[in-house]
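The chain contents come next:
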Amino acid sequence: EAPGSVFKGVVVTAMLEEGYLTTMETKIPTYGGIYKYNGIEYNDKKHLGKDRFPSGKVRVREAFEMSANNTFRQLICDEGTFGNNPARFIRKVKDFGIFDTIKFDIKGNTPPFILSPEMKKPGPKGFWDGGTFPRIAIGYGMELPALNIVTFYNAIANDGKMMKPYLVESIEDNGSVKEKRGPSILNGSICSRATADTLTKALRNVVSEGTGKTRLARARCPIAGKTGTSRIVLDPKYTRISHNPYEDEKGRKQYQATFVGFFPADEPQYTAIVVIYSNLDREIFYGGTLP
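A brief report on the enclosed structure follows. (Residues numbered from 1 in each chain as written. Predicted model: local features only at pLDDT ≥ 70, side-chain atom pairs only at ≥ 80, totals over all residues. Heavy atoms only, no water.)

## Some points on the sheet that holds strand 12 (residues 255–263)
With antiparallel pairing, three strands are arranged side by side in an open sheet as 11-12-13. Two strands lie at the open edges of the sheet, namely strand 11 (224–231) and strand 13 (270–277), each paired on one side alone. Geometrically, the sheet is characterised by an average inter-axis angle of 10° between neighbouring strands, direction not taken into account. Summarising the sheet, strand 11 and strand 12 pair through eight bridges and their orientation is antiparallel. Note on strand 12: the bridge partner recorded for Lys226 is Val260. Helix 7 (residues 146–157) rests against strand 11, strand 12 and strand 13 of the sheet, and its axis sits at about 150° to strand 13. (Pairing = 2+ DSSP bridges. Helix = DSSP H or I, 4+ residues; strand = E, 2+ residues; numbered from the N terminus. Axes fitted to C-alpha atoms, helices over the stretch in contact; angles between N-to-C directions. Contact = heavy atoms within 4.5 Å.)

Structure representation (structure tokens):
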């Protein structure tokens, strides 16, 4: 399924690594909560409206904490960043290794997928059009297994070094080690230590001040993490009348709510991801508020 806003950590990493963003304190226009791209208007007045930001500008850190969609659409879609070359963004995030198929000790990890500009013809997983890049900015237009997401965030906790997840330390026969496994490196450096440190601080703020505050602000140790919510594409049998891939004829939707993070944030020892799927319902679920 689409990961939703947990992908915004990947967006920030790409922006920092390419030098398009040097600090999370950078201020960018809010446009009153309305962002236009390729003739499409995106409304995010809930987060970026004039009442909330009368100055007309928001810090990237603040947008990350509240998970403001239009800020992230703007970050990668504007001219001067990846807007003139979306393929460069796709290559960059693939270089991180987050879209590589991870060979794991248990079968069942589905291959990751992300749309790219050369995919112009309709296919089973969609195609690239004028609205695809803004969707990618907020974690749609892709399929990203939980194992891949948590592996990426573990790399951030590990100063940029991406390690292969594993369950089996070694295979033995009558006390004799026949095959040694254990830790192995997938990518020695997906980003600089400075980038990892900057994102870690932002992830701590998500928990202390942002969407993760409701459930985790009083945790027994400092936590760095990101929430995410995404709509799930329904089985076609539910959408024959609505013609909306995310909504049935009764207006019900299904959501995937995610939290991924690591702790203790100052000296990480554990990385974890929690993914919850809702039932078909008219109620909206959020990764930061589910118990």
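## So, the pairing of strand 13
In terms of strand pairing, strand 12 meets strand 13 through eight bridges, oriented antiparallel. Of the residues in strand 13, the one forming a bridge with Gln256 is Tyr277. Where strand 12 hands over to strand 13, the hairpin turn is made up of six residues, counted between the paired strands.

## Re the side chain of Asp44
Locating Asp44 in the fold gives a position in the loop between strand 3 (40–43) and helix 2 (45–48). Among buried Asp, Glu, Lys and Arg side chains, Asp44 stands out as unpaired, with Arg73 the closest opposite charge at 5.5 Å. If we skip the residues at most four places from it in the chain, Asp44 touches Gly33, Gly49, Ala68, Asn69 and Asn70. (Buried < 20%, exposed > 50% of the residue type's maximum accessible area, 1.4 Å probe, protein only. Lys, Arg positive; Asp, Glu negative; His and termini not counted. Salt bridge = Lys/Arg side-chain N within 4 Å of Asp/Glu carboxyl O.)

## Some points on the pattern of salt bridges
The full count for this structure, using the stated rule, is twelve salt bridges. We note a salt bridge from Asp105 to Arg181, for which the minimum N-O separation is 3.3 Å. You can see Asp105 sitting in the loop between helix 5 (86–95) and strand 5 (113–114) and its partner Arg181 sitting in the loop between strand 9 (176–180) and strand 10 (185–187), a full 76 residues away along the chain. Owing to a relative accessible area of 29%, Asp105 belongs among the partly exposed residues under this scheme. Given the relative accessible area of 34%, Arg181 is considered partly exposed. We note a salt bridge from Asp248 to Arg252, for which the minimum N-O separation is 2.7 Å. What makes Arg252 partly exposed here is its relative accessible area of 25%. Three or more residues joined by partner-sharing salt bridges are found here, namely Glu25, Arg59, Arg61 and Glu65.

## Considering helix 5
Residues of helix 5 that are buried: Pro86, Phe89, Ile90, Lys92 and Val93. Looking down the long axis of helix 5, one finds its buried residues gathered within 160° of arc, a one-sided arrangement. The elements touched by buried residues of helix 5 are helix 1 (8–17), helix 4 (69–77), strand 5 and helix 6 (132–137). Looking at the residues trailing helix 5, positive phi occurs at Gly97, about 95°. (Arc of directions from axis to C-beta.)

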